[in-house]
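A structural walkthrough
So you can see what is in the structure, the chains are spelled out below.
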Amino acid sequence: MKFTLGLLVGFGLGVAAGLLLAPQSGEDTRAQLNEQGIMLRDRGLGVSSDLRARANDAVEQGRDIYQRTKDELGSMYSRTKGGEL
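For clarity, every value in this text was computed on a predicted model and none was experimentally measured.

A contiguous nonpolar surface patch, about 300 Å² in accessible area, is contributed by Leu5, Val9 and Leu13. Positionally, leucine 5 belongs in helix α1 (residues 2-21).

Taken as a whole and judged by the stated rule, the model has 3 salt bridges. Measuring nitrogen to oxygen at the nearest pair gives 3.5 Å for the salt bridge that ties arginine 54 to aspartate 50. Residue arginine 54 and its partner aspartate 50 are both found in helix α2 (residues 26-81); the two are separated by 4 residues, about one turn of the helix. With relative accessibility at 37%, the residue aspartate 50 sits in the partly exposed group. Across the pair glutamate 60 and arginine 63 runs a salt bridge whose closest N-O atoms are separated by 3.9 Å. Of this pair, glutamate 60 and arginine 63 both sit in helix α2, 3 residues apart, which is roughly one turn of that helix. With a relative accessible area of 41%, glutamate 60 lands in the partly exposed category.

The rules behind these values
Residues numbered from 1 in each chain as written. Predicted model: local features only at pLDDT ≥ 70, side-chain atom pairs only at ≥ 80, totals over all residues. Heavy atoms only, no water. Patch = residues over 30% accessible without salt bridge, like charges linked within 9 Å, V, L, I, M, F, W, Y side chains within 5 Å. Areas by Shrake-Rupley, 256 points an atom, 1.4 Å probe, with all protein chains shown as cover. Salt bridge = Lys/Arg side-chain N within 4 Å of Asp/Glu carboxyl O. Helix = DSSP H or I, 4+ residues; strand = E, 2+ residues; numbered from the N terminus. Buried < 20%, exposed > 50% of the residue type's maximum accessible area, 1.4 Å probe, protein only.

The following block contains the structure:
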């Protein structure tokens, strides 16, 4: 996650520096910076959506594992209490 964020920030700074140092009018530079900002924002939203989906999947898997373990331990307890083991 930190690497991806660093990569995106580095990419954005590199593009911004390139645009600022390029020989063109200020209006053109601002328009390009605006386009790049929108592009980076969209990428960031995509990354956050992906991370959110992965986190939700992990939470759901954790709940499933918890429930199965709880059921198995309850069953083992019942058998032990009843003298079946």
